[in-house]
Amino acid sequence: MKKLIYMLMSGYMLLSMVGCDQKIDFPYEGKDRIQFRHYTTDSRGNRTYSDSLVFSFGLQPDEILIDTAKIVMEYLGKGADVERTYRVVVVPDSTTAVAGTHYEPIDELQKFRPGKLTDTLRIVVYRENLSTSFRNPVTVRLDLRLEPTDDFDLGLMGGIRKKVLMNNYMSEPDWWNDNTGLGYYHPEKWKILISFNEQYANQHECPFDINNEGRTYAQGLEAYLNAVPTFDEETGERVMMDELVPQE
């Protein structure tokens, strides 16, 4: 029994020492660390982590040919009252987007504003050479990686790289599969939901689901599709709640 108690006490002391070491190495100590914000927060405060950002012209009016993808940058540390520099590079082996064709070339060295908790990396995106097909979707990717500078070390592993996925069609919003009751995804169905309530236009989060007003909107969507013939623009098939129906 005494031997068991000794072993338990030894294990507790070892865990305590490890805890102390982790506190000493906590990233807020020493040089500040830079990272891409790699999560979104929904209306209930729940976080969803991702290393990618979808930038789509699908919801934009046809006359908009140039727009800007905005990536939130944040640091871990004490902050500074002077402008600081961080480095972001394009990873060539995994990037399919072409500088000057799909996006405006970006400078490797970027500035982080003084006295701010976050800043924004802006990437100008060109619409003209992005595919419009939903049936045969083509998304080009810009893969970015952070590198240390004199001002910043690197932050958490999940925030060191960011993939910007660019397209020109209404790509499936992040919340669609979690919003049960809507059936399979189709751009025409999403357009109808947006016509019901503009809050559906957010690519990353939606305040409605099957447990609140979303049930009513889902029922309204089904009723609309049954009453108003709605078609896939590329194939001519009729869009229904549960399937695409070929037309004779």
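Caption draft 1: Examining the layout of surface pockets more closely. Here the largest pocket is characterised by a volume of approximately 660 Å³. Lining the largest pocket are 26 residues, with Thr-40, Thr-48, Asp-174, His-204 and Glu-205 positioned closest to its centre. Residue classes in the lining of the largest pocket are distributed as eight nonpolar, nine polar and nine charged.

Caption draft 2: Fine view of the confidence of the model for the protein chain. Put simply, the protein chain has an average pLDDT of 86, and 88% of its residues get 70 or more. This model gives residues 1–27 a pLDDT under 50, and the stretch forms three contacts once residues within four places in sequence are excluded.

Caption draft 3: View of the side chain of Glu-74. The topology assignment puts Glu-74 in strand β5 (residues 66–76). Relative accessible area serves as the criterion here: at 9%, Glu-74 is assigned to the buried category. Here Arg-37 takes part through its side chain, which lies 3.3 Å from a polar atom of the side chain of Glu-74. For Glu-74, the contacting residues outside a window of four places in its chain are Arg-33, Ile-34, Gln-35, Arg-37, Tyr-39, Phe-112, Leu-117 and Thr-118.

Caption draft 4: Fine view of the environment of Thr-68. Topologically, Thr-68 is positioned in strand β5. Separated by 13 residues in sequence, Thr-68 and Phe-55 have C-alpha atoms that sit 8.7 Å apart. Those residues in contact with Thr-68, other than ones at most four positions away along the chain, are Phe-55, Arg-122, Ile-123 and Val-124.

Caption draft 5: Layout of the sheet that holds strand β10 (residues 153–154). Within the open sheet, the four strands sit side by side as β8-β5-β1-β10. Their pairing is mixed. Of all strands in the sheet, those bounded by a partner on one side alone are β8 (118–126) and β10. Note that strand β1 (residues 33–36) and β5 share four bridges and pair antiparallel. In the strand pairing of β5, Gln-35 is matched with Glu-74.

What counts and what doesn't
- Residues numbered from 1 in each chain as written.
- Predicted model: local features only at pLDDT ≥ 70, side-chain atom pairs only at ≥ 80, totals over all residues.
- Heavy atoms only, no water.
- 1 Å grid on protein atoms, 1.4 Å probe; cavity = no way out; pocket = protein on both sides within 12 Å on 5 of 7 lines; lining within 4 Å.
- Points joined across faces, edges and corners; volume = space filled by probe spheres on them.
- Nonpolar A, V, L, I, M, F, W, Y, C, P; charged D, E, K, R; others polar.
- pLDDT = per-residue confidence, 0-100.
- Contact = heavy atoms within 4.5 Å.
- Helix = DSSP H or I, 4+ residues; strand = E, 2+ residues; numbered from the N terminus.
- Buried < 20%, exposed > 50% of the residue type's maximum accessible area, 1.4 Å probe, protein only.
- Polar contact = N/O pair within 3.5 Å; in protein donor to acceptor, adjacent residues only side chain to side chain.
- Pairing = 2+ DSSP bridges.

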